[in-house]
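Report on the structure
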Amino acid sequence: MRLTLRIWRQRGPEEPGAMTEYQVDGIVPEMSFLEMLDQLNEHLILSGEEPVAFDHDCREGICGACGMVINGQAHGPERTTTCQLHMRHFSDGDTIDVEPWRAAAFPVVKDLVVDRSAFDRIIGSGGYVTVPTGSAPEAHATPVPKPVADTAFEHAECIGCGACVAACPNGSAMLFTSAKVVHLNVLPQGAPERESRVLDMVETMDSEGFGGCTNTGECAVACPKGIPLTAISTMNREFLRAQLRGGRKG
Amino acid sequence: MAATGLIMLAYLLAHLLGNLKIFFGAGEFNAYAHWLHVIGEPFMHRDWVLWIVRVGLAASVVLHGVAAYQLSRRDLAARPQGYQHQRRRASYATRTMRWGGVILGLFVVWHLLDLTTLTVNENAEPGHPYENVVATFSTWYGNTIYITAMLALGFHIRHGFWSAAQTLGAGSPRRDRALKTAANALAAVLTCGFISIPIGVMTGVVS
Ligand code: HEM
Ligand code: FES
(Lines give C-alpha, C1' and ligand atoms only; values in the text may rest on other atoms or scores of the structure.)
(Ligands and ions follow the chains in the order given, each with its own letter.)
Protein backbone atom coordinates (compact mmCIF):
# COMPACT_ATOMS: atom_id res chain seq x y z
CA MET A 1 0.00 0.00 0.00
CA ARG A 2 1.03 3.53 -0.71
CA LEU A 3 -0.25 6.13 1.77
CA THR A 4 -0.10 9.86 2.30
CA LEU A 5 0.37 10.80 5.94
CA ARG A 6 -0.29 14.24 7.36
CA ILE A 7 1.36 14.29 10.78
CA TRP A 8 1.46 17.00 13.44
CA ARG A 9 5.13 18.02 13.85
CA GLN A 10 6.14 20.19 16.79
CA ARG A 11 9.73 20.42 18.00
CA GLY A 12 8.97 21.27 21.61
CA PRO A 13 6.32 22.41 24.08
CA GLU A 14 6.60 26.10 23.27
CA GLU A 15 7.32 25.74 19.55
CA PRO A 16 4.67 26.27 16.88
CA GLY A 17 3.51 23.09 15.15
CA ALA A 18 2.03 22.19 11.78
CA MET A 19 0.66 19.28 9.83
CA THR A 20 3.45 17.92 7.62
CA GLU A 21 2.91 15.63 4.66
CA TYR A 22 4.84 12.36 4.09
CA GLN A 23 4.53 9.55 1.59
CA VAL A 24 5.02 5.94 2.71
CA ASP A 25 5.19 2.96 0.40
CA GLY A 26 5.35 -0.79 0.85
CA ILE A 27 2.87 -0.85 3.75
CA VAL A 28 1.35 -4.32 4.18
CA PRO A 29 -2.06 -4.99 5.81
CA GLU A 30 -0.53 -7.06 8.64
CA MET A 31 1.49 -4.11 9.97
CA SER A 32 0.27 -2.29 13.03
CA PHE A 33 -0.15 1.48 12.85
CA LEU A 34 2.99 1.92 14.97
CA GLU A 35 5.00 -0.39 12.68
CA MET A 36 3.88 1.75 9.77
CA LEU A 37 5.22 4.81 11.66
CA ASP A 38 8.44 2.88 12.45
CA GLN A 39 8.94 2.39 8.74
CA LEU A 40 8.38 6.09 8.08
CA ASN A 41 10.87 6.95 10.83
CA GLU A 42 13.55 4.64 9.37
CA HIS A 43 13.24 6.51 6.09
CA LEU A 44 13.36 9.87 7.87
CA ILE A 45 16.50 8.87 9.82
CA LEU A 46 18.23 7.58 6.68
CA SER A 47 17.49 10.82 4.88
CA GLY A 48 18.86 12.81 7.81
CA GLU A 49 15.52 14.13 9.07
CA GLU A 50 14.17 14.15 12.61
CA PRO A 51 11.95 11.04 13.21
CA VAL A 52 8.34 11.49 14.38
CA ALA A 53 8.17 11.23 18.18
CA PHE A 54 5.33 9.09 19.58
CA ASP A 55 4.71 7.26 22.85
CA HIS A 56 4.60 3.45 22.98
CA ASP A 57 5.66 0.66 25.26
CA CYS A 58 3.98 -2.74 25.41
CA ARG A 59 2.63 -2.72 21.84
CA GLU A 60 0.06 -5.27 22.96
CA GLY A 61 -2.74 -2.97 24.06
CA ILE A 62 -2.28 -3.14 27.82
CA CYS A 63 -0.02 -0.28 28.94
CA GLY A 64 -1.90 2.73 27.57
CA ALA A 65 1.25 4.55 26.45
CA CYS A 66 0.43 4.79 22.76
CA GLY A 67 -2.28 7.11 21.64
CA MET A 68 -2.86 9.46 18.77
CA VAL A 69 -5.83 10.90 16.97
CA ILE A 70 -6.11 9.23 13.58
CA ASN A 71 -8.46 10.88 11.08
CA GLY A 72 -10.18 12.68 13.93
CA GLN A 73 -10.72 9.53 16.01
CA ALA A 74 -8.77 8.68 19.15
CA HIS A 75 -6.83 5.45 18.39
CA GLY A 76 -8.30 5.43 14.86
CA PRO A 77 -11.25 3.60 13.33
CA GLU A 78 -11.21 0.42 15.47
CA ARG A 79 -12.12 -0.02 19.13
CA THR A 80 -8.56 -0.77 20.21
CA THR A 81 -5.28 0.96 21.00
CA THR A 82 -3.13 2.47 18.24
CA CYS A 83 -0.53 -0.31 18.67
CA GLN A 84 -3.24 -2.90 18.03
CA LEU A 85 -4.74 -1.07 15.08
CA HIS A 86 -3.74 -2.79 11.86
CA MET A 87 -3.17 -1.31 8.44
CA ARG A 88 -5.81 -3.61 6.91
CA HIS A 89 -8.32 -0.95 8.03
CA PHE A 90 -6.86 1.43 5.45
CA SER A 91 -6.63 1.16 1.67
CA ASP A 92 -4.04 1.96 -0.93
CA GLY A 93 -3.96 5.68 -1.75
CA ASP A 94 -5.55 6.84 1.54
CA THR A 95 -4.57 10.09 3.18
CA ILE A 96 -4.33 9.70 6.96
CA ASP A 97 -4.27 12.63 9.42
CA VAL A 98 -2.34 11.95 12.64
CA GLU A 99 -2.53 14.40 15.57
CA PRO A 100 -1.68 14.33 19.27
CA TRP A 101 -4.32 14.23 22.06
CA ARG A 102 -5.63 17.79 22.33
CA ALA A 103 -6.39 19.04 25.84
CA ALA A 104 -5.20 21.89 28.02
CA ALA A 105 -4.38 19.30 30.69
CA PHE A 106 -2.27 17.25 28.22
CA PRO A 107 0.31 19.70 26.82
CA VAL A 108 2.25 18.55 23.75
CA VAL A 109 5.84 17.56 24.59
CA LYS A 110 6.94 16.85 21.03
CA ASP A 111 5.14 15.82 17.83
CA LEU A 112 2.57 13.20 18.94
CA VAL A 113 3.81 12.90 22.54
CA VAL A 114 1.73 14.61 25.21
CA ASP A 115 2.32 14.94 28.95
CA ARG A 116 -0.35 12.87 30.70
CA SER A 117 0.98 13.25 34.22
CA ALA A 118 -2.31 14.98 35.17
CA PHE A 119 -3.74 11.44 35.22
CA ASP A 120 -1.00 10.32 37.62
CA ARG A 121 -1.90 13.16 39.99
CA ILE A 122 -5.58 12.11 39.88
CA ILE A 123 -4.55 8.53 40.76
CA GLY A 124 -2.19 9.80 43.46
CA SER A 125 -5.03 11.70 45.14
CA GLY A 126 -7.18 8.59 45.75
CA GLY A 127 -6.75 5.79 43.21
CA TYR A 128 -5.33 3.32 45.74
CA VAL A 129 -6.36 1.20 48.73
CA THR A 130 -4.57 1.24 52.05
CA VAL A 131 -3.32 -2.23 53.00
CA PRO A 132 -0.91 -3.46 55.64
CA THR A 133 2.37 -4.45 54.04
CA GLY A 134 3.90 -7.85 54.80
CA SER A 135 2.99 -11.30 53.60
CA ALA A 136 0.36 -11.74 50.89
CA PRO A 137 -3.16 -11.80 52.38
CA GLU A 138 -5.11 -15.05 52.31
CA ALA A 139 -7.17 -15.02 49.11
CA HIS A 140 -10.44 -15.91 50.86
CA ALA A 141 -10.05 -13.56 53.80
CA THR A 142 -12.31 -10.95 52.19
CA PRO A 143 -15.12 -12.54 50.21
CA VAL A 144 -16.19 -10.54 47.13
CA PRO A 145 -19.48 -11.53 45.47
CA LYS A 146 -19.07 -12.46 41.81
CA PRO A 147 -21.22 -9.60 40.38
CA VAL A 148 -19.21 -7.09 42.41
CA ALA A 149 -15.93 -8.60 41.24
CA ASP A 150 -17.18 -8.42 37.66
CA THR A 151 -18.13 -4.73 37.99
CA ALA A 152 -14.78 -3.92 39.59
CA PHE A 153 -12.92 -5.76 36.85
CA GLU A 154 -14.89 -4.13 34.05
CA HIS A 155 -13.78 -0.72 35.37
CA ALA A 156 -10.26 -1.87 36.26
CA GLU A 157 -9.69 -2.52 32.58
CA CYS A 158 -8.96 1.19 32.07
CA ILE A 159 -5.33 1.54 30.97
CA GLY A 160 -5.21 5.33 31.41
CA CYS A 161 -4.41 6.02 27.76
CA GLY A 162 -6.35 9.31 27.70
CA ALA A 163 -8.47 8.56 24.63
CA CYS A 164 -11.57 9.63 26.58
CA VAL A 165 -10.12 13.11 27.12
CA ALA A 166 -8.95 13.31 23.51
CA ALA A 167 -12.36 12.34 22.15
CA CYS A 168 -14.50 14.45 24.50
CA PRO A 169 -15.52 17.76 22.89
CA ASN A 170 -14.99 19.32 26.33
CA GLY A 171 -11.63 17.67 27.08
CA SER A 172 -13.20 16.12 30.17
CA ALA A 173 -11.56 13.34 32.21
CA MET A 174 -14.78 12.05 33.75
CA LEU A 175 -14.63 8.58 32.16
CA PHE A 176 -11.06 7.96 33.34
CA THR A 177 -11.69 9.23 36.87
CA SER A 178 -15.00 7.41 37.18
CA ALA A 179 -13.46 4.12 36.00
CA LYS A 180 -10.90 4.35 38.78
CA VAL A 181 -13.42 5.44 41.42
CA VAL A 182 -15.94 2.72 40.54
CA HIS A 183 -13.26 0.02 40.36
CA LEU A 184 -12.19 0.63 43.97
CA ASN A 185 -15.42 1.93 45.51
CA VAL A 186 -17.45 -1.22 44.79
CA LEU A 187 -14.90 -3.52 46.48
CA PRO A 188 -14.73 -4.18 50.23
CA GLN A 189 -11.00 -3.40 50.05
CA GLY A 190 -11.87 0.11 48.85
CA ALA A 191 -14.54 0.78 51.47
CA PRO A 192 -12.44 2.60 54.13
CA GLU A 193 -11.59 5.41 51.66
CA ARG A 194 -14.89 5.31 49.78
CA GLU A 195 -15.88 8.93 50.50
CA SER A 196 -12.47 10.60 50.50
CA ARG A 197 -11.48 8.80 47.29
CA VAL A 198 -14.26 10.21 45.14
CA LEU A 199 -14.07 13.70 46.65
CA ASP A 200 -10.27 13.95 46.34
CA MET A 201 -10.05 12.48 42.84
CA VAL A 202 -12.79 14.77 41.51
CA GLU A 203 -11.14 17.77 43.15
CA THR A 204 -7.78 16.92 41.56
CA MET A 205 -9.44 16.28 38.20
CA ASP A 206 -11.09 19.72 38.31
CA SER A 207 -7.89 21.48 39.35
CA GLU A 208 -5.95 19.96 36.43
CA GLY A 209 -7.93 21.96 33.87
CA PHE A 210 -10.05 19.20 32.34
CA GLY A 211 -13.46 20.30 31.02
CA GLY A 212 -16.85 19.44 32.47
CA CYS A 213 -19.04 16.54 31.39
CA THR A 214 -22.06 17.23 29.20
CA ASN A 215 -22.78 13.55 28.63
CA THR A 216 -22.02 13.51 24.91
CA GLY A 217 -20.83 9.90 25.24
CA GLU A 218 -17.84 10.40 22.91
CA CYS A 219 -15.47 9.08 25.60
CA ALA A 220 -17.09 5.67 25.86
CA VAL A 221 -17.17 5.35 22.06
CA ALA A 222 -13.42 6.03 21.86
CA CYS A 223 -12.38 3.91 24.88
CA PRO A 224 -10.28 0.97 23.65
CA LYS A 225 -11.25 -1.01 26.75
CA GLY A 226 -15.00 -0.45 26.58
CA ILE A 227 -15.38 1.33 29.93
CA PRO A 228 -19.16 1.90 30.10
CA LEU A 229 -20.53 5.46 30.04
CA THR A 230 -22.62 4.64 33.11
CA ALA A 231 -19.38 4.71 35.16
CA ILE A 232 -19.79 8.50 35.12
CA SER A 233 -23.27 8.34 36.57
CA THR A 234 -22.06 5.90 39.23
CA MET A 235 -19.26 8.29 40.17
CA ASN A 236 -21.74 11.18 40.40
CA ARG A 237 -23.84 9.03 42.74
CA GLU A 238 -20.77 8.23 44.86
CA PHE A 239 -19.87 11.94 44.91
CA LEU A 240 -23.32 13.04 46.08
CA ARG A 241 -23.37 10.25 48.67
CA ALA A 242 -19.96 11.30 50.01
CA GLN A 243 -21.08 14.92 50.26
CA LEU A 244 -24.27 13.96 52.08
CA ARG A 245 -22.24 11.91 54.54
CA GLY A 246 -20.29 14.96 55.52
CA GLY A 247 -17.25 14.68 53.29
CA ARG A 248 -13.89 13.06 53.88
CA LYS A 249 -13.62 10.36 56.50
CA GLY A 250 -10.91 8.05 55.22
CA MET B 1 -27.89 22.55 35.53
CA ALA B 2 -29.74 19.37 36.34
CA ALA B 3 -31.82 20.64 39.27
CA THR B 4 -32.94 23.87 37.57
CA GLY B 5 -33.58 21.99 34.31
CA LEU B 6 -35.83 19.50 36.07
CA ILE B 7 -37.73 22.30 37.87
CA MET B 8 -38.43 23.93 34.49
CA LEU B 9 -39.38 20.55 33.04
CA ALA B 10 -41.92 19.94 35.83
CA TYR B 11 -43.37 23.40 35.22
CA LEU B 12 -43.66 22.72 31.48
CA LEU B 13 -45.69 19.56 32.11
CA ALA B 14 -48.12 21.52 34.31
CA HIS B 15 -48.19 24.40 31.81
CA LEU B 16 -49.02 22.00 28.96
CA LEU B 17 -51.90 20.37 30.85
CA GLY B 18 -53.29 23.80 31.64
CA ASN B 19 -52.94 25.05 28.08
CA LEU B 20 -54.68 22.06 26.54
CA LYS B 21 -57.94 23.33 28.06
CA ILE B 22 -58.04 25.65 25.07
CA PHE B 23 -59.61 22.76 23.15
CA PHE B 24 -62.64 22.85 25.48
CA GLY B 25 -63.67 26.40 24.65
CA ALA B 26 -63.18 29.96 25.79
CA GLY B 27 -65.24 29.52 28.95
CA GLU B 28 -63.19 26.72 30.41
CA PHE B 29 -59.83 28.21 29.37
CA ASN B 30 -60.56 31.67 30.73
CA ALA B 31 -61.91 30.21 33.95
CA TYR B 32 -58.69 28.24 34.35
CA ALA B 33 -56.66 31.38 33.68
CA HIS B 34 -58.65 33.22 36.33
CA TRP B 35 -58.14 30.38 38.83
CA LEU B 36 -54.36 30.77 38.47
CA HIS B 37 -54.73 34.13 40.22
CA VAL B 38 -56.77 32.80 43.11
CA ILE B 39 -55.02 29.48 43.86
CA GLY B 40 -54.80 28.82 47.56
CA GLU B 41 -57.49 31.31 48.60
CA PRO B 42 -58.54 31.99 51.28
CA PHE B 43 -55.26 30.81 52.85
CA MET B 44 -53.22 32.64 50.23
CA HIS B 45 -53.90 36.15 49.13
CA ARG B 46 -54.75 36.74 45.44
CA ASP B 47 -51.70 36.18 43.18
CA TRP B 48 -49.42 34.94 45.97
CA VAL B 49 -49.06 31.43 44.58
CA LEU B 50 -48.62 32.85 41.08
CA TRP B 51 -45.77 35.05 42.24
CA ILE B 52 -44.09 32.27 44.22
CA VAL B 53 -44.07 30.14 41.06
CA ARG B 54 -42.87 33.07 38.96
CA VAL B 55 -39.97 33.82 41.29
CA GLY B 56 -38.97 30.14 41.42
CA LEU B 57 -39.05 29.86 37.64
CA ALA B 58 -37.16 33.09 37.05
CA ALA B 59 -34.47 31.92 39.46
CA SER B 60 -34.29 28.58 37.64
CA VAL B 61 -33.96 30.18 34.21
CA VAL B 62 -31.23 32.56 35.42
CA LEU B 63 -29.27 29.93 37.37
CA HIS B 64 -29.57 27.46 34.48
CA GLY B 65 -28.22 30.07 32.08
CA VAL B 66 -25.40 31.11 34.41
CA ALA B 67 -24.39 27.49 35.00
CA ALA B 68 -24.50 26.82 31.24
CA TYR B 69 -22.26 29.83 30.63
CA GLN B 70 -19.74 28.77 33.29
CA LEU B 71 -19.72 25.16 32.08
CA SER B 72 -19.26 26.21 28.46
CA ARG B 73 -16.37 28.52 29.31
CA ARG B 74 -14.64 25.78 31.22
CA ASP B 75 -15.23 23.26 28.44
CA LEU B 76 -13.88 25.57 25.72
CA ALA B 77 -10.81 26.38 27.83
CA ALA B 78 -10.09 22.68 28.28
CA ARG B 79 -9.37 22.34 24.53
CA PRO B 80 -7.53 25.51 23.49
CA GLN B 81 -6.34 23.91 20.24
CA GLY B 82 -8.79 21.86 18.21
CA TYR B 83 -8.21 19.03 15.76
CA GLN B 84 -7.37 19.69 12.11
CA HIS B 85 -9.32 16.64 11.07
CA GLN B 86 -12.85 17.41 12.25
CA ARG B 87 -15.48 14.78 12.65
CA ARG B 88 -19.18 15.14 13.23
CA ARG B 89 -19.70 14.16 16.84
CA ALA B 90 -22.63 13.00 18.97
CA SER B 91 -26.34 13.31 18.18
CA TYR B 92 -28.07 16.45 16.90
CA ALA B 93 -29.77 17.04 20.26
CA THR B 94 -26.45 16.77 22.10
CA ARG B 95 -24.58 19.09 19.77
CA THR B 96 -27.26 21.79 19.86
CA MET B 97 -27.63 22.14 23.64
CA ARG B 98 -25.91 25.54 23.74
CA TRP B 99 -27.64 27.24 20.82
CA GLY B 100 -30.89 25.44 21.55
CA GLY B 101 -30.72 26.84 25.08
CA VAL B 102 -30.14 30.36 23.78
CA ILE B 103 -33.14 30.03 21.43
CA LEU B 104 -35.29 28.88 24.35
CA GLY B 105 -34.11 31.78 26.50
CA LEU B 106 -35.04 34.29 23.79
CA PHE B 107 -38.33 32.51 23.29
CA VAL B 108 -39.22 32.83 26.99
CA VAL B 109 -38.71 36.62 26.72
CA TRP B 110 -40.88 36.84 23.60
CA HIS B 111 -43.53 34.59 25.14
CA LEU B 112 -43.82 36.82 28.22
CA LEU B 113 -44.04 39.96 26.08
CA ASP B 114 -46.64 38.26 23.89
CA LEU B 115 -49.09 36.58 26.26
CA THR B 116 -48.30 37.91 29.75
CA THR B 117 -47.63 41.62 29.27
CA LEU B 118 -49.30 41.65 25.80
CA THR B 119 -46.67 44.19 24.66
CA VAL B 120 -46.03 42.61 21.26
CA ASN B 121 -49.49 41.10 20.73
CA GLU B 122 -51.23 43.64 18.51
CA ASN B 123 -54.83 42.45 18.87
CA ALA B 124 -54.65 41.49 22.53
CA GLU B 125 -56.99 42.65 25.29
CA PRO B 126 -56.13 42.26 28.98
CA GLY B 127 -58.32 39.68 30.74
CA HIS B 128 -59.11 37.66 27.60
CA PRO B 129 -56.42 34.96 27.48
CA TYR B 130 -58.32 32.65 25.11
CA GLU B 131 -58.83 35.40 22.54
CA ASN B 132 -55.20 36.53 22.94
CA VAL B 133 -53.87 33.03 22.19
CA VAL B 134 -56.05 32.91 19.07
CA ALA B 135 -54.69 36.36 18.09
CA THR B 136 -51.07 35.14 18.49
CA PHE B 137 -51.61 32.14 16.26
CA SER B 138 -53.46 34.16 13.65
CA THR B 139 -50.17 35.73 12.56
CA TRP B 140 -47.54 33.93 10.49
CA TYR B 141 -44.71 35.07 12.78
CA GLY B 142 -46.52 33.93 15.92
CA ASN B 143 -46.88 30.44 14.49
CA THR B 144 -43.28 30.37 13.23
CA ILE B 145 -41.75 31.52 16.51
CA TYR B 146 -43.75 29.15 18.70
CA ILE B 147 -43.36 26.08 16.49
CA THR B 148 -39.59 26.63 16.04
CA ALA B 149 -39.12 27.11 19.78
CA MET B 150 -41.11 23.98 20.61
CA LEU B 151 -38.98 21.90 18.22
CA ALA B 152 -35.87 23.31 19.93
CA LEU B 153 -37.45 22.44 23.29
CA GLY B 154 -37.95 18.84 22.20
CA PHE B 155 -34.29 18.46 21.29
CA HIS B 156 -33.12 20.21 24.47
CA ILE B 157 -35.15 17.86 26.64
CA ARG B 158 -34.21 14.77 24.65
CA HIS B 159 -30.59 15.23 25.68
CA GLY B 160 -31.19 17.28 28.83
CA PHE B 161 -33.43 14.89 30.73
CA TRP B 162 -31.14 11.92 30.23
CA SER B 163 -28.10 14.07 30.94
CA ALA B 164 -29.65 15.36 34.18
CA ALA B 165 -30.27 11.78 35.26
CA GLN B 166 -26.56 11.02 34.77
CA THR B 167 -25.53 14.17 36.63
CA LEU B 168 -27.71 13.25 39.60
CA GLY B 169 -26.31 9.71 39.64
CA ALA B 170 -29.56 8.05 38.59
CA GLY B 171 -28.03 6.28 35.58
CA SER B 172 -27.06 2.61 35.62
CA PRO B 173 -26.56 -0.03 32.94
CA ARG B 174 -29.95 -1.53 33.82
CA ARG B 175 -31.81 1.77 33.76
CA ASP B 176 -30.13 3.39 30.76
CA ARG B 177 -32.71 2.28 28.22
CA ALA B 178 -35.62 3.32 30.42
CA LEU B 179 -34.09 6.77 30.98
CA LYS B 180 -33.49 7.32 27.26
CA THR B 181 -37.04 6.22 26.48
CA ALA B 182 -38.40 8.55 29.16
CA ALA B 183 -36.37 11.46 27.74
CA ASN B 184 -37.70 10.82 24.25
CA ALA B 185 -41.26 10.41 25.52
CA LEU B 186 -41.12 13.66 27.51
CA ALA B 187 -39.66 15.50 24.53
CA ALA B 188 -42.31 14.13 22.18
CA VAL B 189 -45.24 14.79 24.54
CA LEU B 190 -44.19 18.38 25.29
CA THR B 191 -43.33 19.30 21.71
CA CYS B 192 -46.43 17.73 20.14
CA GLY B 193 -48.65 18.94 22.98
CA PHE B 194 -47.60 22.58 22.74
CA ILE B 195 -47.56 22.56 18.92
CA SER B 196 -51.11 21.22 18.86
CA ILE B 197 -52.31 24.67 20.00
CA PRO B 198 -51.03 26.75 17.02
CA ILE B 199 -52.12 23.91 14.74
CA GLY B 200 -55.55 23.98 16.40
CA VAL B 201 -55.89 27.70 15.70
CA MET B 202 -54.52 27.41 12.15
CA THR B 203 -56.97 24.65 11.25
CA GLY B 204 -59.90 26.44 12.85
CA VAL B 205 -60.49 23.83 15.57
CA VAL B 206 -59.84 26.64 18.05
CA SER B 207 -61.26 30.01 17.03
C1 HEM C 1 -32.25 30.24 29.29
C2 HEM C 1 -32.38 29.33 28.36
C3 HEM C 1 -31.56 28.07 28.39
C4 HEM C 1 -30.19 27.95 28.17
C5 HEM C 1 -29.18 29.04 27.81
C6 HEM C 1 -29.89 26.53 28.34
C7 HEM C 1 -28.64 25.95 28.15
C8 HEM C 1 -28.29 24.67 28.55
C9 HEM C 1 -26.98 24.11 28.45
C10 HEM C 1 -25.74 24.79 27.84
C11 HEM C 1 -27.04 22.86 29.02
C12 HEM C 1 -25.88 21.87 29.21
C13 HEM C 1 -25.63 21.16 27.92
C14 HEM C 1 -25.31 19.69 28.05
O15 HEM C 1 -25.51 19.07 29.12
O16 HEM C 1 -24.86 19.19 27.02
C17 HEM C 1 -28.39 22.63 29.44
C18 HEM C 1 -28.85 21.46 30.04
C19 HEM C 1 -30.15 21.21 30.43
N20 HEM C 1 -31.25 22.01 30.16
FE21 HEM C 1 -31.15 23.90 29.41
N22 HEM C 1 -31.05 25.85 28.66
C23 HEM C 1 -32.10 26.75 28.68
C24 HEM C 1 -33.47 26.47 28.91
C25 HEM C 1 -33.94 25.25 29.37
C26 HEM C 1 -35.33 24.97 29.61
C27 HEM C 1 -36.51 25.90 29.30
C28 HEM C 1 -35.37 23.70 30.16
C29 HEM C 1 -36.59 22.99 30.68
C30 HEM C 1 -37.30 22.28 29.97
C31 HEM C 1 -34.03 23.17 30.19
C32 HEM C 1 -33.69 21.90 30.66
C33 HEM C 1 -32.38 21.39 30.71
C34 HEM C 1 -31.98 20.16 31.36
C35 HEM C 1 -32.88 19.17 32.10
C36 HEM C 1 -30.57 20.05 31.18
C37 HEM C 1 -29.64 18.92 31.65
C38 HEM C 1 -28.87 19.29 32.86
C39 HEM C 1 -27.68 18.36 33.07
O40 HEM C 1 -27.00 17.98 32.13
O41 HEM C 1 -27.41 18.05 34.23
N42 HEM C 1 -33.19 24.13 29.71
N43 HEM C 1 -29.13 23.73 29.15
S1 FES D 1 1.86 0.56 23.36
FE2 FES D 1 0.97 -0.23 25.20
S3 FES D 1 -1.13 0.06 24.78
FE4 FES D 1 -0.25 0.60 22.88
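Calculation notes
- Residues numbered from 1 in each chain as written.
- Chains lettered and ligands numbered in written order.
- Predicted model: local features only at pLDDT ≥ 70, side-chain atom pairs only at ≥ 80, totals over all residues.
- Heavy atoms only, no water.
- Helix = DSSP H or I, 4+ residues; strand = E, 2+ residues; numbered from the N terminus.
- Buried < 20%, exposed > 50% of the residue type's maximum accessible area, 1.4 Å probe, protein only.
- Contact = heavy atoms within 4.5 Å.
- Areas by Shrake-Rupley, 256 points an atom, 1.4 Å probe, with all protein chains shown as cover.
- Lys, Arg positive; Asp, Glu negative; His and termini not counted.
- Charge placed at Lys NZ, Arg CZ, Asp CG, Glu CD.
- Pairing = 2+ DSSP bridges.
- Axes fitted to C-alpha atoms, helices over the stretch in contact; angles between N-to-C directions.
- Donors = N, O, S within 2.8 Å, 3.2 Å for Na, K, Ca; no water.
- Tetrahedral: all angles 85-135°; square planar, octahedral: opposite > 155°, others 65-115°.
- Buried area = accessible area lost by both parts, 1.4 Å probe.
- Salt bridge = Lys/Arg side-chain N within 4 Å of Asp/Glu carboxyl O.
- Polar contact = N/O pair within 3.5 Å; in protein donor to acceptor, adjacent residues only side chain to side chain.
- Nonpolar A, V, L, I, M, F, W, Y, C, P; charged D, E, K, R; others polar.
- Disulfide = S-S within 2.5 Å.

Where an unreviewed UniProt entry is consulted, chain A appears under the name Succinate dehydrogenase/fumarate reductase iron-sulfur subunit, with the organism given as Streptomyces palmae.

1. Comments concerning the overall build of chain B
Looking only at helices and strands, chain B has eight helices and zero strands in total. Going residue by residue from the N terminus, the α and β elements of chain B occur as α-α-α-α-α-α-α-α. When the backbone C-alpha atoms are referred to their principal axes, chain B occupies close to 60 × 40 × 35 Å. Looking at chain B as a whole, 36% of its 207 residues are labelled buried. A separation threshold of at least 6 residues defines the contact pool for chain B, and within that pool the share at least 24 residues apart is 66%. Of the accessible surface of chain B, which amounts to about 12000 Å², a share of 69% is contributed by carbon and sulfur atoms. Between the centroid of the 16 positive side chains of chain B and the centroid of its 9 negative side chains there is a distance of 25 Å.

2. Some words on the sheet that holds strand 4 (residues 73-74) of chain A
Residue and element names in this part refer to chain A. Strands sit in the order 2-1-5-3-4 across an open sheet of five strands; the sheet is mixed. The open sheet has two free edges, formed respectively by strand 2 (17-24) and strand 4, since each of these has just one partner strand. Relative to strand 2, strand 1 (residues 3-10) runs antiparallel, the two sharing eight bridges. In the strand pairing of strand 2, Ile7 is matched with Thr20. The strands touched by helix 1 (residues 33-46) within the sheet are strand 1, strand 2, strand 3 (69-70) and strand 5 (95-99), with strand 1 carrying the most contacts at an inclination of about 75°.

3. Thoughts on the coordination of the iron atom of ligand 1
Residue and element names in this part refer to chain B. Distances from the iron atom of ligand 1 to its protein donors, His64 (NE2) and His156 (NE2), fall at 2.1 Å. One can describe the site at the iron atom of ligand 1 as octahedral: its six donor atoms subtend angles covering 78 to 180° at the metal. Note that His64 is positioned in helix 3 (residues 48-77) and His156 in helix 7 (residues 140-167), a separation of 92 residues in sequence. On the basis of relative accessible area, His64 is assigned to the buried category, the value being 17%. His156 sits in the buried class, given a relative accessible area of 16%.

4. A short note on the interface of chain B and chain A
Taken together, the contacts link 30 residues of chain B with 35 residues of chain A. Of the roughly 2700 Å² buried at the junction of chain B and chain A (both faces included), carbon and sulfur atoms supply 47%. Three residues stand out in chain B for area buried against chain A, namely Arg79, Tyr83 and His85 of chain B, and they jointly supply 23% of the buried area on that side. Here chain B is connected to chain A by one salt bridge. Here Asp206 of chain A ties to Arg74 of chain B by a salt bridge, and the two come within 2.9 Å at their closest N and O atoms. Inspection of the chain B/chain A interface yields 24 residue pairs in polar contact (both at pLDDT 80 or more). If you list the elements that add at least two residues to the side of chain B that touches chain A, you get helix 3 and helix 7 of chain B. With six residues, helix 7 of chain B is the single largest residue contributor to the side of chain B that touches chain A. Tallied by class, the residues present in the side of chain B that touches chain A amount to eleven nonpolar, twelve polar and seven charged.

5. Quick notes on the state of the cysteines
Residue and element names in this part refer to chain A. Inspection of every chain in the model, using the stated rule, returns zero disulfides over all chains. Distance from the sulfur of Cys161, which forms no disulfide, to the nearest cysteine sulfur (Cys223) is 6.4 Å. Note on Cys161: relative accessible area 6%, which makes it buried.

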